[in-house]
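Spelled out, the chains give:
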Amino acid sequence: QVRLVESGGDLVQPGGSLRLSCEVSGTSTDWYNIGWFRQSPGKERECVSYIRTTSGTKWYEDSVKGRFTLSRDNDSKSIYLQMDSLTPEDTALYYCALDIDTYKPSSRADRNGDWGQGTEVTVAD
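Attention here is on the structure that accompanies the text.

What to know about the sheet that holds strand 8 (residues 79–83)
Consideration 1: In spatial order, the strands read 1-3-8-7; together these four strands make up an open sheet with antiparallel pairing. Edge strands, defined here as strands with exactly one partner in the open sheet, are strand 1 (2–7) and strand 7 (68–72). Between one strand and the next, the sheet's axes are offset by a mean angle of 15 degrees, whatever the strand orientation.

Right, here's the structure in full:
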C-alpha cells in the first residue's frame, strides 16, 4: 500500500552537508509518524528523526540536534532530512520508515517486511 524510496546519499567531507529525500507513493496514508533510521555495519540501528502525521511534532536524536532538520511536503507526503556539519560518526545507511517506535527501536517494516534499500551516507576526508 505504501512505497518509500530514499535518495540523496553521497560521499561528503567532514563539515559538509547533504539533503536526503524520501518519496512516498501508494494508496495508504494512515501512519502515525514517518522519519529516518540509520545503521552502520556491525552496529544496531538508531532513529535519527521523525514527524508525527497529525500534530506535526518533530523528534530528533540527541546527537543530531542542531545539525539535522526534518521537513515534509504535506501534499505529496514526502519528507526530507537536511544534514549539516556532518561528521564521520554520521556515516551510515539511512532509510525512511513509518510508525517508528524509538524505544525498541522498530518501525512498520519490522512487522510487515516492506523495507526499502535506503541511501548511503559516507563522511570522510
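From this point, the discussion proceeds with the structure in view.
Looking at the nonpolar core
Consideration 1: One finds L4, I34, W36, F68, L81, M83 and Y94 to be the most contacted residues of the largest nonpolar core, which totals 26 residues.
Consideration 2: What Y94 contacts, discounting residues up to four positions off in sequence, is E6, L20, W36, F37, R38, V48, F68, L81, M83, G118, T119 and V121.
Consideration 3: By size, the runner-up hydrophobic cluster in this structure holds six residues, among which are F37, C47, Y95 and I100.

What about the state of the cysteines?
Working definition: the covalent bond between the sulfur atoms of two cysteines is a disulfide.
Consideration 1: One pass over the structure, following the stated rule, counts one disulfide.
Consideration 2: Disulfide pairing is shown between C22 and C96; the S-S distance is 2.3 Å. Torsion about the S-S bond of the C22 and C96 cystine: about -85 degrees, corresponding to left-handed handedness. Note that C22 is positioned in strand 3 (residues 18–26) and C96 in strand 9 (residues 92–98), a separation of 74 residues in sequence.
Consideration 3: By relative accessible area, C96 is classed as buried at 6%.
Consideration 4: Free of any disulfide, C47 has its nearest cysteine sulfur in C96, 10 Å distant.
Consideration 5: Of the residues examined, C47 reaches a relative accessible area of 4% and is grouped as buried.

Analysis parameters
- Residues numbered from 1 in each chain as written.
- Predicted model: local features only at pLDDT ≥ 70, side-chain atom pairs only at ≥ 80, totals over all residues.
- Heavy atoms only, no water.
- Pairing = 2+ DSSP bridges.
- Helix = DSSP H or I, 4+ residues; strand = E, 2+ residues; numbered from the N terminus.
- Axes fitted to C-alpha atoms, helices over the stretch in contact; angles between N-to-C directions.
- Core = buried A, V, L, I, M, F, W, Y, C linked by side-chain atoms within 4.5 Å.
- Buried < 20%, exposed > 50% of the residue type's maximum accessible area, 1.4 Å probe, protein only.
- Contact = heavy atoms within 4.5 Å.
- Disulfide = S-S within 2.5 Å.

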